[in-house]
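Next come the chains, spelled out residue by residue.
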Amino acid sequence: MNATESSDATITGHLLDRLHSLGVTHLFGVAGDYNLRMLDEVLAHPGVQWVGTAGELGAAYAADGYARVRGFAALVTTHGVGELSAINGVAGSYAEHVPLLHIAVGPPRSKERDGAVAHHTLGDGDYEHFARAFRQVVCADAVVRPEDGPDEIDRVITTCLRESRPGYLRLPQDVALANAPSPSGALHRPDRHAADQYSLTAFVDAATRRIEAADTVSVLADCLVDRFDGRAELSDLLSAGSLPHAVVVSGKGVVDESAPHYVGLYAGACSDGAVRSAIDDADLLIRAGVRLADTTSGGFTHGYDPDRGISVDPTTASVDGVVFPNVGLPAALAALARLVEGRPTSAASTTTAPHLHRSSSGDNPLSQAYLWQAVGAAVRPDHTVIADQGTPLFGISPRRLPTGARFLAQPVWGSIGYSLPALLGAQLADHSRRGLLLIGDGAAQLTIQELGTLGRLRLTPVIVLVNNDGYTVERALHSPEAAYNDIAPWRWPDLPAALGVPEPLVLTARTEAELDHSLTTAAEVTDRLIFIEARTERDDTPLLLSRFAEIAKRQARKVQ
């Protein structure tokens, strides 16, 4: 029992204690009349800090970024108007396997019983509309009642932890303040290393035969390794066998990209030749937590057979399509590490050379190619890099990160504007690291208001905003001159101060030399938020995006 838990605790007190026990020390959300009395308890709690955001969508994105760093997160909204504003962010967490808890506080039970036409409802007396909507994008949900509230809260949170996905609680206003029964003990955390021993033994036998028959073995890794606590076991596997390995963009950061056998980013036919050869031509490909998606596989142009090789997933493992159930991802990776230990390095282990950046002293206009070379070279081991969907993600993802750097992106859900609030969450989750946000002008216009939240909390990240006059990704994919790819030309340098950021350092880079100067200044000035407006031509695209766009256009022509 936590020090703050007692037999006369309220439902809210029990909930906050549970969150705190999971390392959640910040609670995101927007105040509304239904949740105000609950928020009084939040403010009084010794271990949880309230973080009011400019909007509920920003709160959901911030909770997602926080959970990716801290392991769990929570947000609070009001019924109806608040929770529906957040549902896009929660859906993204579901798609990307990010565990968090959404708490929606609504009218008291008396209004429910009477079917009253309360505000923030649809006016039809049905108080379950929005809970039904959330059931499509969460792994567990509950309507909290005093008699079983703690048990239901624990059930939902435990399911979130087990499945690494969001959960939802509908909490009537009066129930939030009701007394709760005594806690039933500590939360049950999932044992990721658990495995059915019969199934694990059968998997090891099949994997042994497959590995012994292969001349070359390579590894492809994705984000599920991180979400299901297999990062250390993956590292052991890669070092034990000196195996050439790559990541897809959603898995960027799960391996040490400075390691000698890291070959680079794999994106199907969009990949560099050496990377594609190492993955597609391997006699045996071990896939660690890989989910094939159009945005991570170059439009499904991967050259390997998903039904062949060894696949390690959250709760199952397979060898050439034969599935071995109830084998946790860390357990499977640990077993494979023992099997490849001491394996001689083959010619396929040749790595690609890291990209180098040479600073410019001239006034050459800033290009996408130069931009991402320079930004990639500026990443430090203590950076958390957050890249928004668009030219930033396509530009930075092929660049190698230094040992220790973190990387956050949302390529599967792909909701533009995600990264700025996610930066807020990531910074609060780990104050020892500095955020480096990479975002386009179109994406930033969706969530720029959370820049004020960053300023109010006096956070000091570096923000690189790519001003290329609209939706450049969409221009690359279809109709570059179409009006629907245009956006309003904001005066970006004015925004940090206008949104309340105290003493921001604002820089503009139109040339290569100006960008280098801006990035050098950002590294030296650590006590203020740095906002760099990087201006490039609107039709200039990173190489990876150009390759992806060509494939996408060819595929689109085939279905017309």
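Check the entry above for the structure.
The notes below deal with the structure included here. Remember, predicted model here, so these are calculated numbers, not experimental data.

1. Focus on the overall build of the chain
- When helices and strands are counted, the chain shows 22 helices and 19 strands.
- In summary, the chain has a C-alpha radius of gyration of 24 Å against a globular reference of 24 Å for 560 residues, a match within 12%.
- For the chain, the spread of C-alpha atoms along the principal axes amounts to about 70 × 65 × 50 Å.
- In the chain, buried positions account for 58% of the 560 residues.
- Taking as baseline every contact in the chain between residues at least 6 positions apart, the subset at least 24 positions apart corresponds to 76%.

2. Regarding empty space enclosed by the protein
- Following the criterion strictly, the structure yields 3 cavities of 30 Å³ or more and no others.
- Asp226, Arg227, Lys252, Phe407 and Leu408 are, among the 16 residues lining the largest cavity, the residues nearest its centre.
- Broken down by secondary-structure element, the contributors of at least two residues to the lining of the largest cavity are α10 (224–227) and β15 (406–408).
- The dominant element in the lining of the largest cavity, judged by the number of residues it contributes, is β15, at 3 residues.
- In terms of residue class, the lining of the largest cavity is built from 7 nonpolar, 3 polar and 6 charged.
- Of the pockets and cavities examined, the second largest cavity occupies roughly 120 Å³.
- Lining the second largest cavity are 15 residues, and of these Val249, Thr295, Thr296, Phe394 and Leu544 sit closest to its centre.
- Here the lining of the second largest cavity is built from residues that sort into 10 nonpolar, 5 polar and no charged.

3. Overview of the pattern of salt bridges
- Applying the stated criterion across every chain yields a total of 26 salt bridges.
- For Asp154, the salt bridge identified is with Arg18, shortest N-O distance 2.8 Å. Note that Asp154 is positioned in helix α7 (residues 149–163) and Arg18 in helix α1 (residues 11–21), a separation of 136 residues in sequence. Neither Asp154 nor Arg18 differs from the other in exposure class; each is buried.
- In this structure, Asp320 and Arg210 form a salt bridge, with 2.9 Å as the shortest nitrogen-oxygen distance. Note that Asp320 is positioned in the loop between β12 (316–319) and β13 (322–325) and Arg210 in helix α9 (residues 197–212), a separation of 110 residues in sequence.
- Taken together, the shared-partner salt bridges connect Glu112, Glu128, Arg135, Asp141, Arg145 and Arg170 into one network.

4. Observations concerning the side chain of Ser218
- Relative to the assigned elements, Ser218 resides in strand β7 (residues 217–221).
- A distance of 2.8 Å separates a polar side-chain atom of Ser218 from the backbone oxygen of Ala278.
- Residue contacts for Ser218: discarding those within four places in its chain leaves Pro244, Ala278, Ile279, Ala282, Leu284, Leu285 and Ile286.

5. Some remarks on the packing of helix α3 (residues 56–70) against helix α4 (residues 81–95)
- Contact pair α3 / α4: the axes reach a minimum separation of 7 Å and the direction vectors enclose 30 degrees. As judged from the angle between their axes, α3 and α4 are roughly parallel. Regarding α3 and α4, the two cross each other, and that crossing is right-handed. Counted together, Glu56, Leu57, Ala60, Tyr61 and Asp64 of α3 and Gly82, Ser85, Ala86, Asn88, Gly89, Val90, Gly92 and Ser93 of α4 form the full contact between these two elements.
- Among the residues making up the contact of α3 with α4, the classes are represented as 5 nonpolar, 6 polar and 2 charged.

6. Brief notes about the nonpolar core
- With 84 residues, the main nonpolar core has Phe28 and Leu101 as its most contacted residues.
- Considering every element that reaches this core, the biggest residue donor is α3, with 8 residues.
- Residues Tyr262, Ala317, Val319 and Ile532 belong to the second largest nonpolar core, which totals 76 residues.

7. Notes on the sheet that holds strand β6 (residues 167–172)
- Here 6 strands make up an open sheet; going across it, the order is β2-β1-β3-β4-β6-β5 and the pairing parallel. Edge positions in the sheet fall to β2 (49–52) and β5 (140–143), since each has one partner strand and no second. Taking the axes of each pair of neighbouring strands and ignoring which way they run, one obtains an average angle of 20 degrees across the sheet.
- Strand direction decides the pairing type here: strand β1 (residues 26–29) and strand β3 (residues 74–78), joined by 2 bridges, are parallel. Its bridge partner being in β3, Gly29 is matched across the sheet by Val76.
- In this fold helix α2 (residues 36–44) packs onto β1, β2, β3, β4 (101–106) and β6, with an angle of close to 130 degrees to the strand it touches most, β2.

8. Things to note about the pairing of β12
- In this structure, strand β11 (residues 310–312) lies alongside β12, joined through 3 bridges in antiparallel fashion. Each bridged residue has a counterpart across the sheet, and for Val312 the counterpart in β12 is Ala317.
- Counting the residues in the hairpin turn of β11 and β12 gives 3 residues.
- As paired elements, β12 and β13 share 4 bridges and run antiparallel to each other. Residue Ala317 lies in a different strand from β13, and its bridge partner there is Phe324.
- The hairpin formed by β12 and β13 contains 2 residues between the paired strands, and Asp320 there has a positive phi angle of roughly 50 degrees.

Calculation notes
- Residues numbered from 1 in each chain as written.
- Predicted model: local features only at pLDDT ≥ 70, side-chain atom pairs only at ≥ 80, totals over all residues.
- Heavy atoms only, no water.
- Helix = DSSP H or I, 4+ residues; strand = E, 2+ residues; numbered from the N terminus.
- Rg over C-alpha atoms; globule rule 2.2 N^0.38 Å.
- Buried < 20%, exposed > 50% of the residue type's maximum accessible area, 1.4 Å probe, protein only.
- Contact = heavy atoms within 4.5 Å.
- 1 Å grid on protein atoms, 1.4 Å probe; cavity = no way out; pocket = protein on both sides within 12 Å on 5 of 7 lines; lining within 4 Å.
- Points joined across faces, edges and corners; volume = space filled by probe spheres on them.
- Nonpolar A, V, L, I, M, F, W, Y, C, P; charged D, E, K, R; others polar.
- Salt bridge = Lys/Arg side-chain N within 4 Å of Asp/Glu carboxyl O.
- Polar contact = N/O pair within 3.5 Å; in protein donor to acceptor, adjacent residues only side chain to side chain.
- Axes fitted to C-alpha atoms, helices over the stretch in contact; angles between N-to-C directions.
- Parallel < 35°, antiparallel > 145°, perpendicular 65-115°, else oblique.
- Left-handed = near helix turned anticlockwise from the far one by under 90°.
- Core = buried A, V, L, I, M, F, W, Y, C linked by side-chain atoms within 4.5 Å.
- Pairing = 2+ DSSP bridges.

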